[in-house]
Amino acid sequence: MTFENDHVSFKVNGKQYNVNEDKNTPLLFVLREYLGLSATRFGCGEGTCGACTVIINDEAILSCDVPVGEIEGKSVETAEGLQREPNDPLFRAFIKNQAGQCGYCLSGILMASKALLRKDPFVSRAKIAKALDGNLCRCGAHKRILDAIEEAAKSVVDNA
Amino acid sequence: MIPPSPLTNFPLLGHWVKLSEKNNLIFFSGRVELGQGNTTALVMMIADELDVLPSSIHLETARTDLTPNEGITAGSMSITIGGVALRWVASALKYQILEIASKQLKTQPSNLYVQSGCIYQKGKKTELYLSDTFYKIDFNRKIIDDVHLKSFEERQKSFPNINRIDLKSRLVDAPFIQDIAFDGMLYGAPVHPPSTYHQLVKIDLASLKDRPGVVKIVKNGSFLGIIANSFYHARNAAIWARSNGIWKSTLTDPVDHFQKLKCSNNVLDTIIESKDIRKNSGKWFETSVSRPFIYHGSIGPAAAIAKFEDEEILIYSHSQGVFQLRQAIANVLQKKEDQICIIHRPNSGCYGHNGADDAAFDAVLMAKSVPGKFLKVIWSRFDEFHTSPMGAAMVTKSRALLSSDKRVIAFDVEVNSTPHTNRPSSKIPNLRAASYLSKPIVSVRTPDVPLERGGGADRNASPSYDIDSLRVRKRIEYDTPYRTSALRSLGAYCNVIANETLFDKIAKELNVDPIKFRLEHVSDPRSKEILERLADERLSDTYNTSDDGTGWGLGFARYKGSGGYCGVMIKVNIDETVQVTDAISVCDVGEAISKDGIKNQIEGGIIQSISWTLKESVPVDGFSATAETWTDYPILKFSEIPNLRTILINRPAEKPLGAGEISQGPTGAAIVNAINNAIGIQVTELPITRDAIIAKLHSVT
C-alpha cells in the first residue's frame, strides 16, 4: 500500500483549508481529527448510519465514505456552520420542536435535511422520511425530527 | 415526610451545593444525563423550589471527586429520587438565604420571599439580591433541619415547561466523549475476543506494530489494545488485527439458549404465591411469549478517555454509575478508590448497561502503558455488536384463570430469562476485558434485581389488575456464552406483552370489548382514567377485525407496579410486512415536571419498542453474537414511523415518576393484539417479521 502525503485544499463552512494527509483518509477523520471539527459524528465509519452526513457542493454525502483526495477544490458544509446562525430555519425548527433526545444523530440529519430542502423546498413529509432512511435514530425522536423539517420547509417556502 | 434516600449518606447542604470563587452557587447531582433530558428536569426542580430562573442554575453531574454518589442512573428513578433530593436541597438553601436576609433587613424571614433572583418584602423588591447572602450560608447545616418544601399548589408557576438545556449544543457543538480532544492525546482501539469464552490463540504482534500510525501494542491475556497517533490509524490497525488474529472458543458445542429458556429443568424461584393459587376452578387460558437478544444499538459507539499520572487515574466515561465503575476498576487494578477520578461526560443515547464501563476499562488498560498521556478509546460498530452486553433473551409463560362469572381470578406467570443485571461493582467487576486478562477475574453470577427494587426478569410479571390469586416464578439462565445485562424496562417488556395479550385473548373468546374487559378488573382510579381516556380516543373502527389487513390493539401497564401508568393503542396495516401506522398513548407519571421531556420519552419508548417488536433480533451462532454492521441488525427507519399522539395526565399533587421505561411493554403488547385483530393470529415469538407471520399462519392451518 502506498501512502501518498499530498496537498488537498477545500473549503469548510466558507473557510479555506489546506491539509497534508494521505489522500485515502476519509473526510470524516480529517474533519474530526485534523481540523478539530467534531460536530460531524462518528457512528459506524462504514456508511450505514448517516451520523457523519455533511454537504459537499450542495449534495448530502456520508463523510466516512469520501476519501479526502476527492474533495479538492470543493465546498464542505458541516453543522459547525450553524453555530453562528441561530435564525437558520432548520436549526430553529429543531429547537422549537425539541427534535431530539441524545442528539448524536442530529447533526447528520440536520445536514441531510438542509441539502434536501435546498433541492426541493416543497418536499412532502413522506419524501423527507424516505430521504432520511439512511440516517438512524435510536432514541425515537423521528416524529419530532420530521415535524421540524416539515415546519422549516414551510417557513422557507412562505418567506420565498 | 420521609427524606429522599440520597440524603441519608449525604445529609449536609455542602454535599449538594458549593460556592464558587466568583460567588456563584454550583449544585451537584449524582445522576447522569443519558440523553433522556433528566438534567433539564433536575434544573427545573431546583429553580422552582428556589424561585429563580432555570437559566441561572449551574448543575454539575456525576463525578467521583465532587458529587454525591447516587448509585446507578437507571430504572426511571432520576426525578423520583434524584430530583426530589435536589428539591430538598434547594428548599433548605432558600430557608437559610431568607434567614440571612432577614437579619440584614431587620425583619422576620416569614416576611420575605424570593422572586427571579431578588429578595422581596411585602410585594416590594428589597436592596438585597440572592447573591448578597451567599457568603453567610453555612454549608455544614443539615438539609432536613432547614427544609420547608413548597406545597404542590405553589409549584411550577413561573415556568411550567422549558426547552432542553443541552439540545443546541448537541446539534451543532461537540459535547460528546468522542468529540473531546486534549493536546497530545493518543487513540486506542481494543480488539476483544468474540465472547468471554474465546481465547486469543495467535496474533502477529510485529506486523501489527508496523501498521501505519501505530505507537504501541498492549497485550494482556486475550485482551489486545492498539495505541496509535490517530483514531483512524488505531481503528484500521484493529480491523487488520481482527482479520489476522485467531481466537478459539473454549466451548466445544454450540449453545441453543432458547432451548434452555423454553425447557429448562433448573429450579424456578417462587417470587409471589397466593395461598389459594392452586385451589381455584374455572377455565385456564395460556400464552407463551419469547423475545430474542436485543442490542442497545446506540448510534455512537462506546468511548472513554483515560490518563495515568503519578499512580493516579483520571477517566472520562459515559457510565451510568461512575462510583460503581470506580470501585470495579480499583478492585481489578488493586488501587485505592481515591486514586481514581471518574468524570461523566455524555455520549450517544444510553438505554441501559451498554459498553460504556467496558470501554472505560479498555482505555485504562491502554493508558497505563503511556503514562502522562490522555488516551481516547472509541469502539467500532463491530465492538458494539460483539462486545457490549445485550438485552436479555426471555420466554414468559402466562396462564390466567377465568371464573364462571367471566372474571379473571388467577394469574400464574413463569419467567425464563438470561440475566438482566451484570453491572460493575466492588465485588463483581463485570468489566469485559477483566475476564480474559493474563490474571483473569472471573465474573460471578449477579443476583437478579429484587422485587422491592422493581424486579429484574420478573418486572411487571404481575398484571396491573385486581386479580385475587397470583403466582410469579422465575428462572435465570446463567449458562450461555452470551453476556446480557440491563436494557430499558428489563423484563417488563416481555412480561407485559405476555399478560396483556392473554387478557385480549380472553376478551376475544368472551366477545367482550377489551377496554371494557380490562376496566372490569381495575379499581385503582388512575389506571381507570388511562383506560377510559383511551376508550375516548379510539376511532369507530377500533378493534373490529377487518378484512383490509388493518387492526387496532391495546396494551396497558403500571411500570413496576409502583411507577408510571401507560396505555398505548396501536394500529397496524399488514401487507407484505407489518406496518404500525398509528400510536396513541395516555400516560400518568404523577407530578409532571418537564412536560415536553416526558412526552419525548414516551414517544421515544414507543418507537424503540416498535423497532424491537417488529425488527430486532441479535444474530447468534451458538458461541457469540455475529452481527458486524447495521445491515445485519436493521432498526426502525424514518419511513416506518407511525402517526403519534401522546396524552399526558398531570397530577401535581402526586409523587413525580419516571417516564423513560413505561411505554415499551404496552407498545409491544398493543402491536401483538393489533395484528391479532387484523389477521386473526397471535404471533408471540418476537420479532414479528414477515417470516414469523408466515410461519405462524402455516402452524395454524
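The rules behind the values
- Residues numbered from 1 in each chain as written.
- Chains lettered and ligands numbered in written order.
- Predicted model: local features only at pLDDT ≥ 70, side-chain atom pairs only at ≥ 80, totals over all residues.
- Helix = DSSP H or I, 4+ residues; strand = E, 2+ residues; numbered from the N terminus.
- Rg over C-alpha atoms; globule rule 2.2 N^0.38 Å.
- Buried ≥ 20, exposed ≤ 12 C-beta atoms within 10 Å, placed from the backbone.
- Core = buried A, V, L, I, M, F, W, Y, C linked by C-beta atoms within 7 Å.
- Contact = placed C-beta atoms within 7 Å.
- Domains from an automatic or database assignment.
- Nonpolar A, V, L, I, M, F, W, Y, C, P; charged D, E, K, R; others polar.
- Pairing = 2+ DSSP bridges.
- pLDDT = per-residue confidence, 0-100.

Check the secondary structure of chain A and you find five helices and five strands. When the elements of chain A are put in sequence order from the N terminus, they spell out β-β-α-β-β-β-α-α-α-α. A compact globule built from 160 residues should have a C-alpha radius of gyration of about 15 Å, and chain A, at 16 Å, falls within 12% of that. C-alpha extents for chain A along the principal axes are approximately 50 × 30 × 25 Å. Expressed as a percentage of its 160 residues, the buried residues of chain A come to 56%.

Okay, the overall build of chain B next. Looking only at helices and strands, one finds 18 helices and 26 strands in chain B. Against the compact-globule benchmark of 27 Å for 701 residues, chain B has a radius of gyration of 27 Å, which places it among compact chains. When its C-alpha atoms are laid out on the principal axes, chain B stretches across 80 × 75 × 50 Å. Residues counted as buried form 54% of the 701 residues belonging to chain B.

Before going further, it helps to examine the nonpolar core. Burial of nonpolar side chains together is a common tendency in soluble globular proteins. Residues and elements named next belong to chain B. One finds Val 89, Ile 226, Ala 304 and Ala 363 to be the most contacted residues of the largest nonpolar core, which totals 248 residues. By residue number, the principal contributor to this core is helix H4 (residues 78-105), which donates 13 residues. Leave out the neighbours within four places in its chain, and Val 89 touches Leu 13, Trp 16, Val 17 and Ile 143.

This paragraph deals with the domain arrangement of chain A. Residue and element names in this part refer to chain A. For chain A, the domain assignment lists domain 1 (5-81) and domain 2 (82-158). On a C-alpha basis, the centres of domain 1 and domain 2 stand 21 Å from each other. Listed per partner, the contact involves 18 residues of domain 1 and 16 residues of domain 2. Secondary structure elements with two or more residues in the side of domain 1 that touches domain 2: strand E3 (53-56) and strand E4 (59-62). In terms of residues, the side of domain 1 that touches domain 2 owes the most to one element, E3, which gives three residues. Class assignment for the residues of the side of domain 1 that touches domain 2 results in eight nonpolar, five polar and five charged.

The interface of chain A with chain B comprises 45 residues on the first partner and 46 residues on the second. For the side of chain A that touches chain B, the secondary-structure elements that each account for two or more residues are helix H1 (27-34), helix H2 (89-96), helix H3 (106-119), helix H4 (125-131) and helix H5 (142-158) of chain A. Classifying every residue of the side of chain A that touches chain B gives 23 nonpolar, 14 polar and eight charged.

Residue and element names in this part refer to chain B. Per the domain assignment, the segments making up chain B are domain 1 (6-167), domain 2 (177-250 + 302-378) and domain 3 (391-420 + 456-700). Computed over C-alpha atoms, the centres of domain 1 and domain 2 are 38 Å apart. Taken together, the contact pairs 14 residues of domain 1 with 13 residues of domain 2. Here the side of domain 1 that touches domain 2 is built from residues that sort into five nonpolar, six polar and three charged.

Further remarks concern the pairing of strand E9 (residues 214-220) of chain B. Residue and element names in this part refer to chain B. One ladder, built from six bridges, connects E9 with strand E10 (residues 223-228); its direction is antiparallel. When the bridges of E10 are listed, Lys 219 appears paired with Leu 224. Linking E9 back to E10 in an antiparallel pair, the connection comprises two residues, with Gly 221 at a positive phi of about 60°.

Caution applies to low-pLDDT regions: their predicted coordinates should not be interpreted in detail. Predicted confidence across chain B gives a mean pLDDT of 95, with 99% of residues reaching 70 or more. On the interface metric, ipTM, the complex scores 0.96, and its pTM is 0.97.

With that settled, the discussion passes to the environment of Thr252(B). As for its placement among the helices and strands, Thr252(B) is situated in the loop between strand E11 (246-249) and helix H9 (257-262). Remark: the alpha-carbon pair of Thr252(B) and Ala669(B), spanning 417 residues in sequence, is separated by 38 Å.

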